[in-house]
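A look at the structure
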Amino acid sequence: MAAKHAKPNFSQSQVSEMVKRLFKLTPSEIRSLPSYDDQNFYMAPVEGGEYVLKIMNSEDSKNPNLVEVQTYAMSFLHQNGLPAQTALPTASGQLMSLEEIDCGYGCQKYLVRLLTYLPGTTISKVPLTPQLLYETGKTAARMDKILQEMEHPHLNLLQREKFIWSLSNLALLEAYIYVLDGDPLQEVVKSVIHQYKTSVVPKRPDFRKCINHGDFNDLNVLVQPDERDGYRISGILDFGDMNSGYYIHELAINIMYMMTEHPNPIEVGGPVLAGWESILPLKEAEKECLYVLVLSRFCQSLVLARYSVTLHPENAEYLMISSKRGISIFHQLFELGREQVEKVWFQSAAQFSDRK
């Protein structure tokens, strides 16, 4: 989550000049793409191909070794059969370049990468059938399993002990709860953080560790039509939230974001869980914490979106995308309670797996 004035604000002419200079390509089309903290552009050069130019915010650009790990992870997944982007080297053979420019807040440094463009539409724009939800769970589990095999000299940087978006660090949210002052939501968030501390933290030693993508959400998963009138996953985007975590965290994040796009959110958990367990069956301690971890991700999403709007009011519409429906779903999930929700999720997952 970038600080105020950290988000880049490059013009199209600056982007065009940079692409020519760094990659020796001549853009025939450039258009802006949405982003949370960074600046993304679609770019089609005269020479052929399609790319995404990713300009990272000035805060994250201070950690080039971490970005190098993320870039390597994308390539590693691609080599192992998952649809992740890969970075195109600059003319001098580097996978990223640190560019210094004034975007209106004085000269700052921004890491720039040119990534392959993946075809498809975000999963948020298509009907979330049980089969497609199953595929998201299966893909997320495959992804974390592959990432666990990855080796890199800077892998230790993924520990990210103070990373606010890690589900290991939910307690850090307490410093931001003031943005909900006067909102009834605040008491629910406090209750979930208490449940997390009392029911999740003690069981954490029994969770299986892994490397998490950390943001397997409805805007970071691309799909394309398949031959059976459904959709298949054609892209996994945005590795900026990668961190050392636990398998169960990725599953909780996946379920939470898919819930925000479904007409009957409570029905999402079963098919996603069935897909996940087709690759990685859950341990008992992980099962017992899934409900609270999904609620915990809702807390992170809702509180940090509200906080980000105080920093970037001009980007409020994009920042609040998940919040719009998220608040009512969060309340519904909380009021139903763990027993009721788990019954729906685990029974539905078992039925779905039986039909496979």
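Structure's up top.
1. Concerning unusual backbone geometry
A positive phi angle is found at R160, which is not glycine, with a value near 45 degrees. Along the chain, R160 falls in the loop between α3 (130-147) and α4 (185-200). Note on R160: relative accessible area 16%, which makes it buried. The backbone of D238 sits at a positive phi, close to 60 degrees, despite the residue not being glycine. Of note, D238 is situated in the loop between β10 (231-236) and β11 (243-246).

2. Focus on the nonpolar core
Ranked by size, the top nonpolar core spans 90 residues in total, and within it V294, F330 and L333 carry the most contacts. At 15 residues, helix α7 (residues 284-311) tops the list of elements feeding residues into this core. In contact with L333, not counting residues within four places along its chain, are M259, I266, Y291, V294, L295, F298, V341 and W345. With 18 residues, the next largest nonpolar core counts M43, Y51, I101 and Y110 among its residues.

3. Quick look at the packing of helix α5 (residues 247-259) against helix α6 (residues 269-277)
Relative to each other, α5 and α6 sit at 145 degrees, their axes nearing to 10 Å. When you trace α5 past α6, the crossing you get is right-handed. Contacts between α5 and α6 involve Y247, E250, L251, N254 and I255 on the former and, on the latter, G269, V272, L273 and W276. Partitioned by chemical class, the residues of the contact of α5 with α6 number 6 nonpolar, 2 polar and 1 charged.

4. A look at the pattern of salt bridges
The full count for this structure, using the stated rule, is 14 salt bridges. For R21, the salt bridge is made with E17, and the minimal N-O distance between the two is 2.8 Å. A residue pair is termed a helical-turn pair when its members lie 3 or 4 positions apart in one helix, as R21 and E17 do in helix α1 (residues 12-23) at 4 residues. Judged by relative accessible area, which is 37%, R21 ranks as partly exposed. The class for E17 is partly exposed, based on a relative accessible area of 40%. A salt bridge links R338 to E342, with the nearest nitrogen and oxygen atoms 2.9 Å apart. Residue R338 and its partner E342 are located together in helix α10 (residues 338-355), separated by 4 residues, close to a single helical turn. Salt bridges here are not isolated pairs; linked through shared partners, they connect E17, R21 and E99.

5. Quick look at the packing of aromatic side chains
Enumeration according to the criterion identifies 7 aromatic pairs in this entry. Centre to centre, the rings of F10 and Y110 are 5.5 Å apart; their planes meet at 80 degrees, and the pair counts as edge-to-face. Within this pair, whereas F10 is found in the segment before α1, its partner Y110 is found in strand β6 (residues 107-116), the two being separated by 100 residues in sequence. This pair shows no difference in class: F10 is buried, exactly as Y110 is.

6. So, the packing of helix α2 (residues 64-79) against α3
Contact pair α2 / α3: the axes reach a minimum separation of 10 Å and the direction vectors enclose 115 degrees. As summarised for this structure, α2 and α3 are arranged roughly perpendicular, according to the angle between their axes. Considering only the axes of α2 and α3, their crossing is right-handed. Note on element contacts: α3 touches α2 through M143, I146 and L147, opposite A73, F76 and L77. Looking at the contact of α2 with α3 residue by residue, the class counts come to 6 nonpolar, no polar and no charged.

Rules of the game
- Residues numbered from 1 in each chain as written.
- Predicted model: local features only at pLDDT ≥ 70, side-chain atom pairs only at ≥ 80, totals over all residues.
- Heavy atoms only, no water.
- Helix = DSSP H or I, 4+ residues; strand = E, 2+ residues; numbered from the N terminus.
- Buried < 20%, exposed > 50% of the residue type's maximum accessible area, 1.4 Å probe, protein only.
- Core = buried A, V, L, I, M, F, W, Y, C linked by side-chain atoms within 4.5 Å.
- Contact = heavy atoms within 4.5 Å.
- Axes fitted to C-alpha atoms, helices over the stretch in contact; angles between N-to-C directions.
- Left-handed = near helix turned anticlockwise from the far one by under 90°.
- Nonpolar A, V, L, I, M, F, W, Y, C, P; charged D, E, K, R; others polar.
- Salt bridge = Lys/Arg side-chain N within 4 Å of Asp/Glu carboxyl O.
- Phe/Tyr/Trp six-rings, centres within 6.5 Å; stacked < 30°, edge-to-face > 60°.
- Parallel < 35°, antiparallel > 145°, perpendicular 65-115°, else oblique.

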